[in-house]
Amino acid sequence: MLDGIKACFFDMDGTILDSMWVWLDIDIEFFAQRGIEMPEGIQEQIEGMSFSQTAGYFKERFGLPESIDEIKSIWNEMAMDKYRNEVPLKPGVREFLERLKRDGIRAGIATSNSIELVRCCLASLDAEKYFDTVVTGCDVGAGKPAPDVYLKCAADCGVKPEECLVFEDIIPGIMAGHNAGMKVCAVYDKYSEDTDEVKRKTADYYIEDFSCLENI
């Protein structure tokens, strides 16, 4: 899998972090506070959107009075403590990142989450040292399946797209990696397990968790 690979790029939530439960909890609380019935499948409907795109979607669809920046600030405040204290790296992630660093393979994060939550979580997990770049959908003005976040990661790391391997847990992310001209490894996450069959068919590789990569 790593033959000819000079950089590995990772989605964050659901890929290297066990964190999707946070957003389910936040959605439930956010809607309840506003007396809005939580729509079925809302998390699937916003998959891949950048943080700003998601806030804009919520504002328009549910007629929210807050500005997009205010909605983002509310979500950051609701999530910050959980990302600082309750969100762990998935099994095998730290060991794999250590291996990449040891082997001189560059690493980056390409996420739809906010930069505030990314920085907070990486710092609390002592994981900032593993990544050469962090790119959010807000940085490039496009969410996934657009390739922009992954192309920016490659540019930041000074590598060609065909020299990169992407790790993703959702189909729009897998498509974003392929749209960037990169190989993609799908990662199991219980919050997207209903799409596992499609993920296996769409990606170049599939892993249950990063412990599977111990001997590649």
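For the structure, see preceding data.
Residues numbered from 1 in each chain as written. Predicted model: local features only at pLDDT ≥ 70, side-chain atom pairs only at ≥ 80, totals over all residues. Heavy atoms only, no water.

What about the overall build of the protein?
Item 1. Looking only at helices and strands, the protein has 10 helices and six strands in total.
Item 2. The globule rule puts the C-alpha radius of gyration for 216 residues at 17 Å, and the 17 Å found for the protein is close to it.
Item 3. If you line up the protein on its principal axes, its C-alpha atoms span 50 × 35 × 30 Å.
Item 4. The burial tally for the protein puts 52% of its 216 residues in the buried class. (Helix = DSSP H or I, 4+ residues; strand = E, 2+ residues; numbered from the N terminus. Rg over C-alpha atoms; globule rule 2.2 N^0.38 Å. Buried < 20%, exposed > 50% of the residue type's maximum accessible area, 1.4 Å probe, protein only.)

Let's talk about the pattern of salt bridges
Pairing is possible between side chains that carry opposite charge, provided their charged atoms lie close to one another.
Item 1. One pass over the structure, following the stated rule, counts 13 salt bridges.
Item 2. A salt bridge links Glu66 to Arg34, with the shortest nitrogen-to-oxygen separation between them at 3.2 Å. Separated by 32 residues along the polypeptide, Glu66 in the loop between α3 (51-62) and α4 (68-85) and Arg34 in the loop between α1 (20-33) and α2 (42-45) bring together distant segments of the chain.
Item 3. According to the relative accessible area criterion, Glu66 is buried, its value standing at 17%.
Item 4. Looking at Arg34, the relative accessible area reads 25%, which means it is partly exposed.
Item 5. For Asp196, the salt bridge identified is with Lys199, shortest N-O distance 3.5 Å. (Salt bridge = Lys/Arg side-chain N within 4 Å of Asp/Glu carboxyl O.)

Concerning the environment of Met175
Item 1. Its location among the elements puts Met175 in helix α9 (residues 171-179).
Item 2. On the basis of relative accessibility, which here comes to 37%, the residue Met175 falls in the partly exposed class.

Re helix α6 (residues 115-124)
Item 1. The set of residues buried in α6 consists of Leu117, Val118, Cys120, Cys121 and Leu122.
Item 2. Looking at the buried positions of α6, the neighbouring elements they touch are α1, α4, β2 (106-111) and β3 (133-136).
Item 3. Phi for Asp126, located one or two positions after α6, is positive at around 55 degrees. (Contact = heavy atoms within 4.5 Å.)

A look at unusual backbone geometry
Item 1. Cis geometry marks the peptide bond from Lys144 to Pro145, where omega comes out at 20 degrees.
Item 2. By the secondary structure assignment, Pro145 is in the loop between α7 (137-140) and α8 (148-157).
Item 3. A positive phi angle is found at Asp126, which is not glycine, with a value near 55 degrees.
Item 4. Mapped onto the secondary structure, Asp126 falls in the loop between α6 and β3.

Focus on the sheet that holds strand β6 (residues 205-207)
Item 1. Strand order in the open sheet formed by six strands is β3-β2-β1-β4-β5-β6, and the pairing between neighbours is parallel. Strands at the two margins of the open sheet, each flanked by one partner only, are β3 and β6. The mean angle between the axes of side-by-side strands here comes to 20 degrees, regardless of whether they run parallel or antiparallel.
Item 2. When strand β1 (residues 7-10) meets strand β4 (residues 164-168), the two strands line up parallel, connected through four bridges. When the bridges of β4 are listed, Ala7 appears paired with Cys164.
Item 3. Of the strands in this sheet, β1, β2 and β4 touch helix α5 (residues 93-103), which is tilted by about 150 degrees from β1.
Item 4. Against the sheet, α6 makes contact with β2 and β3, and its axis sits at roughly 145 degrees relative to β3, the strand it touches most. (Pairing = 2+ DSSP bridges. Axes fitted to C-alpha atoms, helices over the stretch in contact; angles between N-to-C directions.)

Let's talk about the packing of α4 against α6
Item 1. Two elements in contact, α4 and α6, have axes whose closest approach is 9 Å; the angle formed by their N-to-C orientations is 15 degrees. Classified by the angle their axes make, α4 and α6 are roughly parallel. For the pair α4 and α6, the crossing hand works out as right-handed. Of the residues in α6, those in contact with Asn76, Ala79, Met80, Tyr83 and Arg84 of α4 are Glu116, Leu117, Cys120, Cys121 and Ser124. (Parallel < 35°, antiparallel > 145°, perpendicular 65-115°, else oblique. Left-handed = near helix turned anticlockwise from the far one by under 90°.)

Focus: α5
For the α-helix, the turn length of 3.6 residues means that residues three or four positions removed from each other point alike.
Item 1. All of the buried residues along α5 are Val93, Phe96, Leu97, Arg99 and Leu100. An end-on view of α5 places all buried positions within 155 degrees of arc, on one side of the element. For α5, the exposed residues lying more than 90 degrees away from the buried face are Glu95 and Arg102.
Item 2. On the buried face of α5, the contacting elements are β1, β2 and β4. (Arc of directions from axis to C-beta.)

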